[in-house]
Structure formats: C-alpha cells, structure tokens
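Architecture and fold: a report
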Amino acid sequence: MCGIVGVVGSPNAASILLEGLKRLEYRGYDSAGMVIMTPDGQQLVKEKGKIVNLEAALNWDELKGTCGIAHTRWATHGAPNQINAHPHVSGKVALVHNGIIENQKALKIQLTNKGHEFVSQTDTEVLAHLIEDFYDGDLVKAVQLALGVVDGAFGIAVTHLDEPDLIIGARRGSPLVVGVGEGVNYLASDVAAMMGHTRQVIYLDDGEMVTLRPEGIHTTTIDNEEITKEIQEITWDLDQIQKGGYEHFMLKEIFEQPQTIRDSFRGRILPGTGDVKLGGIELTDWELRNIRRIIILACGTSWHAGLVGEYLLEEYAHIPVEVEYASEFRYRSPIIEPGTLCLVISQSGETIDTLEAMREAKRKGAKVLGITNTVGSTIARESECGVYIHAGPEIGVASTKAFTSQVTILALMAILFGRRTHLSADRGTQMLQELVKLPDLVQKVLDQSDAIKQIAEVYAGHKNCLYLGRGVNFPIALEGALKLKEISYIHAEGYPAAEMKHGPIALIDPDMPVVVIATKDGSYDKIVGNVQEVRARDGKIISIVTEGDTEIAALSDHVITIPETMNFWTPLLSVIPLQLFAYHIAVIRGEDVDQPRNLAKAVTVE
Ligand code: F6R
C-alpha cells in the first residue's frame, strides 16, 4: 500500500523517480509526489490522482538534482488530495511514508504547542515535523530519536536539504528494499521500482534502517546497532512487469496462467513415485506424518485459495483444516495445539493482517509455512519454511494468476502430505498425471475469451450478480463474485448453491444474473435442482459446465464449457471464465481494470 522510491547519486534523479513511481502505481494511485534536492533548494511537486497528473506538473528544468524521494499514495489519514499527498515537508526535512502512525494525535498536540504548524490531515506530516524537531545537524540521529517515540507501522524515506546527498530509510511493518548500484543507490518499497537500474538488493527487516549516499550504504537498527545485511540478486526480468502487447496487466496475467501453473509445479513432481518434492518445506517425513491440524491464514483471493486447499487437504491428506481470515485470527485467542501447522498464503507476502496473524501463530507455538509469490517479502522471510508459487510479478490489482498458482501448490501439498500417510503411489501418480495436463486445458478455456466477452456484453449494465457453486467449486463462486465487484463495481455475492434457498433466492428475478458452476461431480444432480429453482423464478442463468454436458446447458441462458478433469482439480479451470467475465464486464463499463478505485495491490495497513 503506497509506493516509495528514492535515489541518490544520479544526475537523472527525477526521471528515475518518475519511472519508479509508474512501476509502483499499482500499490496506490490516489495522489503522488516527489522532492529533489537541488542547488536552489528542495523542489517539491505533488498532484492529486494518478502519476500522469504528477508527470504533467513536473518542470524538468527546476528538478536538476542527484538526490530525491517520491511516493504514490493510497489514502489512510486525510482525503486523497494534493495537500495530503507525499512528500511532506517540515523546514528542510522531507518525508515519504507507508503505514500508519498511531500516536499521531498526541504527537501533533505536543508539536503544535512547540510552534509547529500543520497543513495536511496526514499522520505523515506529524512525523516530518517530529524529525525536524529533533534535528540538530545530524539527520540519522534525528530520525532515530523520532522513530523512538512513534507507535505504529512505517516504511519511510527521509531527506534534509543541509545533507543533500543522503537518504535515510527505515522500516517497521512496511516493506523497504535497498538497490545497490555504482555511485548511485536506490530505495523503494518494491524491487519493481529499481528494475533496469540494479539487480543487487538488500531487504530491510523490521526495526532496521539504512543510510544511502552515492558512495555507499550503511545499515543499522533503528536503535543504532551495526548490522551486516546480505546482498541478494533479482532473477526476474523487466519484460515480466510490462504489458507485453495486452491492453491490461490483468488480461496478460489471466492469459499467462497456462505457463504460471506449469511454473508452479515444474521440478516439484517426482516421476514414478506419485510423490512431490517441495524444497522449501523443511519438515521431516516424521513431522509431516504428525501434522494433526492445519490452519490456513490469508485474506481476500488468497483466502479463497485457502478454502480450495481445505477441500484438497482434507480429501487427500486426511488432515482437519480450518481456513481463517487472518484479520480475525490475530484478534482472538486462537488455540494452537501440538501438531498444528499454519499455512500462510499471500501473493505479496506483505499483507499486514496476514503477517501479524502469522506472527501470532508463531508466538503460540505453531509451525508456520509461508506460501508466497514475492521473493524476499516479509512473510517469506519470517515464516520458518515456505514455498514460492513462482507466478512471476502480478501487477493487476485483481489477483488472477497468483490464485491458480496458490491452488496448484496446495494441490501438491495435499499429495505430499497424503503420500506420507495413506495415499497410494498409484493414486498419487494418477493425480499428478491429471495435474500436468491442466495448463493445456486452461488454454482451451482461455480460447473462449471472445465468447465470454459476448456474454459480458449482455450483463455489463446489471447492478447485481449471484454466483453459486458446490463442494470444491464453492470457493470459486466466492472468487468469481470478488473479481466482479472489485473491478466492475457491480454488487456480487458468492454462495454454496444449496444455501440459496435459505435466503438469497428471494433476490431472484429477471434482472438477477446467476452464474452457476455446475461441473460433473458427485453433487451434479443437486445443482441441477438449484438451477431449476433459479429458472422457475425467471433468473438468468450463466452456467460453467463440463464439456459434453447437455442437461444444465438446456436450462441455461448462456453456457461456458470447461474440459473434463479430476473433480478436485476443476477449480483451476472453472475460475478462468469467471476472471474473463469480470474483466470483460469492467472493460465494457469503461472501468480502470488494473487500478480499480479504492484498492491497492499490497494492503500494508490494518
Ligand atoms: C483480490 C485481491 C485481494 C488480495 C488480498 C490479499 O483480487 O487481490 O483480495 O488477495 O488483499 O493479498 P495477498 O495475497 O498479497 O496477501
């Protein structure tokens, strides 16, 4: 949430910051700004709205300097307007901030009593004034003193005009990564901002700070203890974070799924044994056999992947599973017994609710295993062991390819755990044979994109939509509804199909499209009944059925087919048309698909 970029030592500081902001725009996009240290003083530019507005406001002649910091904002305190945009300035101090300063009210009163005047409604401005208040010629010391009295979460970058070749970064709860160059050094909330300039990075941990000068980098704790950090190499490429000819990142990412699913299982299947190897799971066979209970912690789409995982793990590993909203888990008294394994699922690896839930689970003695996409993210680093999903950078705010990769990993885990207990080699082999066919089957569903667009044209003007599914496809109903509401702003609900008669059926009328996932499985006959109930009330039915189905197809207004596979693998196919349906509807309605209103890619505030 919010993007931070800083650069020191480059004559092109302003253009590097602008480029970095564009790469981080998915993190927040309600306002943006930058400050450059120039011989004529610190030049500050801020604009409401997207980065293009900031770009239009830049006067390049005035921005000639080698050091600066910039920010793209997702508002927490104060409306998204120009005044509240970052950087915030107090005297010669400039600050960009990601997170929330919880004791800002008390600090503001103290600072106001000392004569400080505030112009914005932000907590960030309070921190800028606090640093200025402590400043007596040493910015490092002033930042350390200020951070010593603030409560809350932060990732910050700070400059001071009297030390124009210096940026200070510090983090507690919000990610920060340092880019190591030659004579030029970088700071950002996400490595994407510095791609193309350096591949050498240092991930800061909570409680750490860094000073960046053109000639070098120095890391300490916020309490000023020296620390040595490892430099890591980024392995992915710039073209992975560009649109590659697609109109939107979301469409590109939907179409990448045959490849990303393949990347998720590649090298992890052990041929001939019906078994899998997940290198990051540092549990012995004995420990795997003694898992008595699994708690899955996640938010949003990752939580939906967790729900699919519940079906898979209970079916194939015979381990009881609970799937918890991370935000709820962390604020109650969760009972963690010996033998409890927590699976923590997060695309970004930075979602604060998920991170805090993970910390709580660890504190209570659970073994914690992270399933993340983002190498070096906080959850990846803090979980005791983990698995990367290898979906590559996901830029579209609505999660698509990360979801199918998360489910793929959970499928592999179900086999891994199952093979340690009762699952036979034959059954494991058969399941894996079906799994490796999925990328080609996903492609067959993607090939129907134009037909799905035609259905989207019929429903783009509707105000509501109901999604129904049963069994392992119930979470797909939830995920389909989430995709539609977050990018098209159409109200949508997902329900287990049988629940419809307990309430939502009251909503059914000719204006209510109902998307039914009705693949061939043990509950097929029941779902036929549910479809008839909708039809009897003149609801419009869009069904997702298995190829060759005629019964539900005959009852439906529109039919989308998915190829046949094992029932428990169908979510990896049935979710694809729902992603495309939501995408096409949003495009038809003229919405900003990649950056939907009020959302941000990594939710690093509570
Ligand atoms: C929906 C979406 C969000 C995220 C949620 C968790 O499309 O993207 O619901 O799934 O914010 O994010 P991660 O997986 O990064 O923890």
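What counts and what doesn't
- Residues numbered from 1 in each chain as written.
- Predicted model: local features only at pLDDT ≥ 70, side-chain atom pairs only at ≥ 80, totals over all residues.
- Heavy atoms only, no water.
- Helix = DSSP H or I, 4+ residues; strand = E, 2+ residues; numbered from the N terminus.
- Rg over C-alpha atoms; globule rule 2.2 N^0.38 Å.
- Buried < 20%, exposed > 50% of the residue type's maximum accessible area, 1.4 Å probe, protein only.
- Contact = heavy atoms within 4.5 Å.
- Areas by Shrake-Rupley, 256 points an atom, 1.4 Å probe, with all protein chains shown as cover.
- Lys, Arg positive; Asp, Glu negative; His and termini not counted.
- Charge placed at Lys NZ, Arg CZ, Asp CG, Glu CD.
- Domains from an automatic or database assignment.
- Buried area = accessible area lost by both parts, 1.4 Å probe.
- Near = heavy atom within 4 Å.
- Polar contact = N/O pair within 3.5 Å; in protein donor to acceptor, adjacent residues only side chain to side chain.
- Nonpolar A, V, L, I, M, F, W, Y, C, P; charged D, E, K, R; others polar.
- Pairing = 2+ DSSP bridges.
- Axes fitted to C-alpha atoms, helices over the stretch in contact; angles between N-to-C directions.
- Parallel < 35°, antiparallel > 145°, perpendicular 65-115°, else oblique.
- Expected span 1.5 Å × (residues − 1).

**A word on the overall build of the chain**
Helix and strand content of the chain: 19 helices and 26 strands. Here the C-alpha atoms of the chain give a radius of gyration of 25 Å, agreeing with the 25 Å that 2.2 N^0.38 yields for 606 residues. By residue count, 61% of the 606 residues in the chain fall in the buried class. The contacts of the chain with a sequence gap of at least 6 include a subset with a gap of at least 24, amounting to 71%. Total accessible area on the chain stands at roughly 22300 Å², and carbon and sulfur atoms take up 49% of it. Averaged over its 55 positive side-chain charges, the chain has a centre that lies 3 Å from the centre of its 80 negative ones.

**Topic: the domain arrangement of the chain**
Here the chain is partitioned into domain 1 (2–234), domain 2 (239–442) and domain 3 (448–591). Taken over C-alpha atoms, the centre of domain 2 sits 25 Å from the centre of domain 3. Each partner contributes residues to the interface: domain 2 has 33 residues there, and domain 3 has 27 residues. Both faces considered, domain 2 and domain 3 share a buried interface measuring about 2700 Å² in area, 77% of it formed by carbon and sulfur atoms.

**Section: the site of the ligand**
Near the ligand there are 15 residues, and of these Ser302, Ser346, Ser348, Thr351 and Glu486 occur at the shortest range. In the environment of the ligand, an oxygen atom lies 2.5 Å from a nitrogen or oxygen atom belonging to the side chain of Ser302. At 2.7 Å, a side-chain N or O of Ser348 approaches an oxygen atom of the ligand. Bound to the protein, the ligand loses 89% of the 410 Å² it would expose on its own. A class-by-class count of the residues in the shell around the ligand yields 5 nonpolar, 8 polar and 2 charged. Composition of the shell around the ligand by domain shows at least three residues from each of domain 2 (239–442) and domain 3 (448–591).

**Some thoughts on the sheet that holds strand 26 (residues 558–562)**
Within the open sheet, the 5 strands sit side by side as 23-22-24-25-26. Their pairing is parallel. Sheet topology places strand 23 (491–496) and strand 26 at the edges, where each strand pairs with a single neighbour. For this sheet, the mean angle separating the axes of adjacent strands, direction not counted, is 15°. Two strands pair when backbone bridges link them, and strand 25 (residues 540–546) and strand 26 are joined in this way by 5 bridges, in the parallel orientation. The residue bridging Thr546 from the neighbouring strand is Ile562, located in strand 26.

**Comments concerning the packing of helix 13 (residues 401–419) against helix 14 (residues 425–446)**
Packing of helix 13 against helix 14 leaves a shortest axis separation of 10 Å and a crossing angle of 170°. Here helix 13 lies roughly antiparallel to helix 14, going by the angle between them. Residues Ala411, Leu412, Ile415 and Arg419 of helix 13 touch helix 14, and the partners they reach there are Ala425, Gly428, Met431, Leu432 and Leu435. Its residues assigned to classes, the contact of helix 13 with helix 14 shows 7 nonpolar, 1 polar and 1 charged.

**Here's the deal with the environment of Thr273**
Relative to the assigned elements, Thr273 resides in the loop between strand 15 (269–270) and strand 16 (275–276). Among the residues examined, Thr273 registers a relative accessible area of 33% and is labelled partly exposed. Each C-alpha atom of the pair Thr273 and Ala425 lies 5.7 Å from the other, and the pair is 152 residues apart in sequence.

**Description of the sheet that holds strand 5 (residues 88–90)**
Spatially, 6 strands are ordered 5-6-7-8-12-13 in an open sheet, and the strand pairing comes out antiparallel. Each edge of the open sheet is held by one strand with a lone partner, namely strand 5 and strand 13 (216–221). This sheet shows a mean twist of 20° between the axes of neighbouring strands, independent of strand direction. Bridge analysis of strand 6 (residues 93–101) against strand 7 (residues 152–160) gives 9 bridges, and the strand direction is antiparallel. The residue of strand 7 that forms the bridge with Val96 is Ala157. Contacts from helix 5 (residues 139–149) reach strand 7, strand 8 (167–172), strand 12 (208–213) and strand 13, with the element oriented near 160° to strand 7.

**Some details on helix 1 (residues 13–24)**
Its 12 residues place the ends of helix 1 16 Å apart at the C-alpha level, agreeing with the 16 Å of an ideal helix rising 1.5 Å per residue. In terms of burial, helix 1 is largely enclosed, as 9 of its 12 residues are buried. Those residues of helix 1 that fall on the buried side of the exposure criterion are Ala13, Ala14, Ile16, Leu17, Leu18, Gly20, Leu21, Arg23 and Leu24. Buried residues in helix 1 make contact with strand 1 (3–8), strand 2 (31–38), helix 2 (51–57), strand 4 (67–73) and strand 10 (185–188).

**Observations regarding the packing of helix 9 (residues 300–317) against helix 16 (residues 474–488)**
The description of two packed helices rests on the angle between their axes and on the distance between the axes. Where helix 9 contacts helix 16, the two axes come as close as 9 Å, and the packing angle between them is 170°. Between helix 9 and helix 16, the angle is such that the two are roughly antiparallel. Listed contacts from helix 16 to Gly300, Thr301, Trp303, His304, Leu307, Val308 and Tyr311 of helix 9 are Phe474, Pro475, Ile476, Leu478, Glu479, Leu482 and Lys483. Its residues assigned to classes, the contact of helix 9 with helix 16 comprises 9 nonpolar, 3 polar and 2 charged.

**What to know about helix 9**
Taking 1.5 Å as the rise per residue, helix 9 with 18 residues should run 26 Å; its terminal C-alpha atoms sit 25 Å apart, in good agreement. The buried count for helix 9 comes to 13 of 18 residues, which makes it a mostly enclosed element. One or two positions beyond helix 9, positive phi appears at His318, with a value near 55°.

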